[in-house]
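A structural walkthrough
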Amino acid sequence: MMKEYSGGCACGAVRFQWSGSPLAMYNCHCRSCQLASGSAWAPLLVVARQVLRIAGTPRQHRPPKAQGNHATRLFCAECGSPLFALPDNNPAVLLVHAAAMASADAFKPVADIWTVDALPWAHMDRHIPKMFKSPPILEPEDQVSL
Ligand SMILES: [Zn+2]
Ligand SMILES: [Zn+2]
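Each chain carries its own residue numbering, running from 1 in the direction its sequence is written. Labels are handed out in written order, letters beginning with A for the chains and numbers beginning with 1 for the ligands. Totals for whole chains, interfaces and linings use all residues, but because this is a predicted model, local features are given only for residues with pLDDT of at least 70 and pairs of side-chain atoms are given and counted only at 80 or more. Each side-chain value is derived from all of the structure's non-hydrogen atoms; neither hydrogens nor water enter the calculation.

To continue, consider the overall build of the chain. Counting from the N terminus, the helices are DSSP H or I runs at least four residues long and the strands are E runs at least two residues long. Looking only at helices and strands, the chain has one helix and 10 strands in total. Element order for the chain, N to C, with α for helix and β for strand: β-β-β-α-β-β-β-β-β-β-β. Note that the radius of gyration is over C-alpha atoms, with the globule rule given as 2.2 Å times the number of residues to the power 0.38. Over its C-alpha trace the chain gives a radius of gyration of 14 Å, about what one expects of a compact globule, namely 15 Å for 146 residues. Considering only C-alpha atoms, the chain reaches an extent of 35 × 35 × 25 Å along its principal axes. A simple rule labels every residue: compare its accessible area, found with a 1.4 Å probe on the protein chains alone, to the largest value its type can have, and call it buried under 20%, exposed over 50%, or partly exposed in between. The burial tally for the chain puts 45% of its 146 residues in the buried class. We call two residues in contact whenever any of their non-hydrogen atoms come within 4.5 Å of each other. Sequence separation of 24 or more characterises 59% of the internal contacts of the chain that already satisfy a separation of 6 or more. Only the protein chains shown count as cover for residues, and the accessible areas themselves come from Shrake-Rupley with a 1.4 Å probe. Taken as a whole, the chain presents about 7700 Å² of accessible surface, with 54% of it coming from carbon and sulfur. Measuring between centres, the 13 positive side-chain charges of the chain sit 5 Å from its 10 negative side-chain charges. In this tally, Lys and Arg are treated as positive and Asp and Glu as negative; His is ignored, and so are the chain termini. Lysine's charge is taken at NZ, arginine's at CZ, aspartate's at CG and glutamate's at CD.

With that settled, consider the sheet that holds strand β4 (residues 42–48). Paired strands are those between which DSSP finds at least two bridges. In space, the seven strands of this open sheet follow the order β6-β7-β8-β9-β4-β3-β10, with mixed pairing throughout. The open sheet has two edge strands with one neighbour each: β6 (59–61) and β10 (111–113). On average, each strand axis in the sheet is inclined to that of its neighbour by 30 degrees, with strand direction left out of account. Pairing analysis gives five bridges linking β4 to strand β9 (residues 93–97), with the strands arranged antiparallel. Among the inter-strand pairings, leucine 45 is bridged to a residue of β9, identified as valine 96. Comment: axis = line fitted to C-alpha atoms, over the contacting stretch for helices; angle = value between 0 and 180 degrees taken between N-to-C directions.

Peptide bonds are trans in most cases, and residues, glycine excluded, mostly fall at negative phi. Its identity is not glycine, yet tryptophan 114 carries a phi of approximately 55 degrees, on the positive side. Within the fold, tryptophan 114 resides in the segment after β10. Tryptophan 114 sits in the buried class, given a relative accessible area of 10%.

Moving on, we come to the pattern of salt bridges. Salt-bridge detection follows one rule: a side-chain nitrogen of Lys or Arg within 4 Å of a carboxyl oxygen of Asp or Glu. Overall, the coordinates contain two salt bridges when judged by the stated rule. We note a salt bridge from aspartate 112 to lysine 130, for which the minimum N-O separation is 3.1 Å. Of the two residues, aspartate 112 sits in strand β10 while lysine 130 sits in the segment after β10, which places them 18 residues apart along the sequence. Residue aspartate 112 is classed as buried on the basis of its relative accessible area of 1%. Accessibility expressed as a relative area gives 37% for lysine 130, which makes it partly exposed.

Take the coordination of the zinc ion (ligand 2) next. The coordination sphere of the zinc ion (ligand 2) contains the protein donors Cys28 (SG), Cys30 (SG) and Cys33 (SG), at a distance range of 2.1 to 2.3 Å. The class of cysteine 30 is buried, set by a relative accessible area of 0%. Exposure remark for cysteine 33: the relative accessible area of 1% places this residue in the buried category. Any N, O or S atom lying within 2.8 Å of the metal counts as a donor, with the limit raised to 3.2 Å for Na, K and Ca; because water is left out of the atom set, some sites can appear incomplete.

One can find arginine 15 in strand β2 (residues 15–19). Considered as a pair, arginine 15 and leucine 44 are 29 residues apart in the sequence and their alpha carbons are 17 Å apart. Setting aside residues no more than four positions away along its own chain, arginine 15 makes contact with Gly7, Gly8, Arg53, Ile54 and Ala55.

What follows covers empty space enclosed by the protein. Any empty space left between atoms is shown by rolling a water-sized probe over those atoms. Using protein atoms alone on a 1 Å grid, points that fit a 1.4 Å probe yet trap it form a cavity, whereas open point sets bounded by protein on both sides within 12 Å along at least five of seven lines form a pocket; residues with an atom within 4 Å of a point count as lining. Grid points are joined across faces, edges and corners, and a volume is the space filled by probe spheres set on the points. Under the defined criterion, the tally for this structure stands at one cavity of 30 Å³ or more. Volume-wise, the largest cavity comes out at about 190 Å³. Lining the largest cavity are 16 residues, with Tyr26, Pro87, Asn89, Leu95 and Pro135 positioned closest to its centre. Taken together, the elements giving at least two residues each to the lining of the largest cavity come down to β3 (24–28), β4 and β9. Of the residues in the lining of the largest cavity, the class split is 12 nonpolar, four polar and no charged. Only Asp, Glu, Lys and Arg are considered charged, only Ala, Val, Leu, Ile, Met, Phe, Trp, Tyr, Cys and Pro nonpolar, and every remaining residue, Gly among them, polar.

In structure tokens, the structure reads:
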């Protein structure tokens, strides 16, 4: 049996679910994730786009190209919760904001990415790898152990 995962925004207008393990989890420090999350970094799960089911219609925002890890942002138009990002460099995956999950405690980040944009006071786990910009592109069949 593949595991089922679910989550949604703060007000419940947008819900999502998928089955099977995410491909990876990263803490992304890029400027675009800082702005989208209102925080020093965004914890993101990499999920194959083909397995994710979304109920409700998130609003989209496309930040200017200069803002780090370039991706279209999807968030709840009612409550503002950040939910997903669609990375330009890999149409096969979607990034799920881990905090929107019902069970974000099931995973842990495998690396800090886009540390080029990291804030000097961002406290990172010294025991996981640091990547200056984007991590290697993951295909739906790839999985980094979580
Ligand atoms: Zn909402
Ligand atoms: Zn980012």
